[in-house]
Amino acid sequence: MATQDYASTVQGFYVAYYGRWADVAGLEYWTGVLAANGGDASAMINAFGNSQEYRDTYRQFLNGDDEIINPAGMINQIYQNMFGRDADAAGLDFYLGMLASGQSTLADITLDIFNGATGVDAVVLENKLDVAESATATLETTGNPFTADDIASAREIIAAVTDDPQTVIVGQQQAASFINNLTD
């Protein structure tokens, strides 16, 4: 797999797991990890699942010990991040069963959902990735900082992207405007 393919995969996991575009340093680091591991994303996804951003993103579904207290909410959030919708009942039941039985972790489920996108879901995910890749490229070009304070705005921009191609254009414009206004 080419480095650009790894970069696209990493960008996809930022969208899937956190609902935002990758920061430049994170994209470079995780692309290198994927390349070094022959494309195996397990280390990356496990690190995402143990990060402060994970705890911040999914806080409402966790108790103080980071144990999942609302697995349905977490799975629906993953669907929202990628597709802008909650899981259908059959999919939710399937993943809840996999999680409850210990057959899958939330990281495994995230990968399954990401890799299994079809139809309109695949279009929405691709559109979100187009906006995310454009945003990260703008970050790299401008050299403007992207901090934890900027994450909520990035999530809002990505969340507004749908299967409508016009939302890609609007999302790219909003991301560029937002990033161009970032300062040290």
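This is a predicted model, so every value here is computed, not measured.

### So, helix 8 (residues 119-142)
Look at helix 8: 35 Å from first C-alpha to last across 24 residues, which is about the 34 Å you get at 1.5 Å a residue. By the burial criterion, the buried members of helix 8 are Asp121, Val124, Leu125, Asn127, Lys128, Leu129, Val131, Ala132, Ala135, Thr136, Thr138 and Leu139. Remark: Gly143 follows helix 8 within two positions and exhibits a positive phi of approximately 70°.

### Considering the pattern of salt bridges
The full count for this structure, using the stated rule, is five salt bridges. Of the charged contacts in the structure, one is a salt bridge between Glu53 and Arg20, with a shortest N-O distance of 2.7 Å. You can see Glu53 sitting in helix 4 (residues 52-57) and its partner Arg20 sitting in the loop between helix 1 (3-18) and helix 2 (24-36), a full 33 residues away along the chain. We note that Glu53, like Arg20, is buried. Here Asp121 and Arg85 are joined by a salt bridge, their closest N and O atoms 2.5 Å apart.

### Considering the environment of Asn180
Among the structural elements, Asn180 can be located in helix 10 (residues 165-180). Of the residues examined, Asn180 reaches a relative accessible area of 46% and is grouped as partly exposed. Considered as a pair, Asn180 and Leu125 are 55 residues apart in the sequence and their alpha carbons are 25 Å apart. When sequence neighbours within four positions are dropped, the list of residues in contact with Asn180 reads Thr138, Thr142 and Asn144.

### Re the packing of helix 5 (residues 71-83) against helix 7 (residues 106-115)
At a closest axis distance of 11 Å, the pairing of helix 5 and helix 7 adopts a crossing angle of 35°. Relative to helix 7, the crossing made by helix 5 is right-handed. Contact residues: helix 5 offers Met74, Ile75, Ile78, Tyr79, Met82 and Phe83, while helix 7 offers Leu106, Thr110, Ile113 and Phe114. Split by residue class, the contact of helix 5 with helix 7 holds nine nonpolar, one polar and no charged.

### Comments concerning the packing of aromatic side chains
Applying the stated criterion across every chain, the model contains 16 aromatic pairs. Ring centres of Phe94 and Tyr95 lie 5.1 Å apart, and the angle between their planes is 70°; on these two criteria the pair is classed as edge-to-face. On the accessibility criterion, Phe94 (46% relative accessible area) is partly exposed.

### A few points about the packing of helix 5 against helix 8
Where helix 5 meets helix 8, the axes come as close as 8 Å, and the angle between the chain directions of the two elements is 70°. Considering the angle they form, helix 5 stands roughly perpendicular to helix 8. Every residue of helix 8 that contacts helix 5 at Gln80, Asn81, Met82 and Phe83 is listed here: Asp121, Val124, Leu125 and Lys128. Residue classes in the contact of helix 5 with helix 8 are distributed as four nonpolar, two polar and two charged.

### Concerning helix 5
Over its 13 residues, helix 5 runs 18 Å from end to end, which matches the ideal 18 Å to within 8%, given 1.5 Å per residue. Those residues of helix 5 not exposed but buried are Gly73, Met74, Ile75, Asn76, Ile78, Tyr79, Asn81, Met82 and Phe83. Positioned one or two residues after helix 5, Gly84 has a phi angle of 70°, which is positive.

### Considerations on the side chain of Lys128
When you line up the elements, Lys128 lands in helix 8. The side chain of Lys128 is buried and forms no salt bridge, while Asp121, the nearest opposite charge, is found at 10.0 Å. Setting aside its immediate chain neighbours within four residues, Lys128 contacts Val15, Gln80, Asn81, Met82, Phe83, Gly84, Ile158, Ala159 and Val161.

Scoring rules and cut-offs
Residues numbered from 1 in each chain as written. Predicted model: local features only at pLDDT ≥ 70, side-chain atom pairs only at ≥ 80, totals over all residues. Heavy atoms only, no water. Helix = DSSP H or I, 4+ residues; strand = E, 2+ residues; numbered from the N terminus. Expected span 1.5 Å × (residues − 1). Buried < 20%, exposed > 50% of the residue type's maximum accessible area, 1.4 Å probe, protein only. Salt bridge = Lys/Arg side-chain N within 4 Å of Asp/Glu carboxyl O. Contact = heavy atoms within 4.5 Å. Axes fitted to C-alpha atoms, helices over the stretch in contact; angles between N-to-C directions. Left-handed = near helix turned anticlockwise from the far one by under 90°. Nonpolar A, V, L, I, M, F, W, Y, C, P; charged D, E, K, R; others polar. Phe/Tyr/Trp six-rings, centres within 6.5 Å; stacked < 30°, edge-to-face > 60°. Parallel < 35°, antiparallel > 145°, perpendicular 65-115°, else oblique. Lys, Arg positive; Asp, Glu negative; His and termini not counted.

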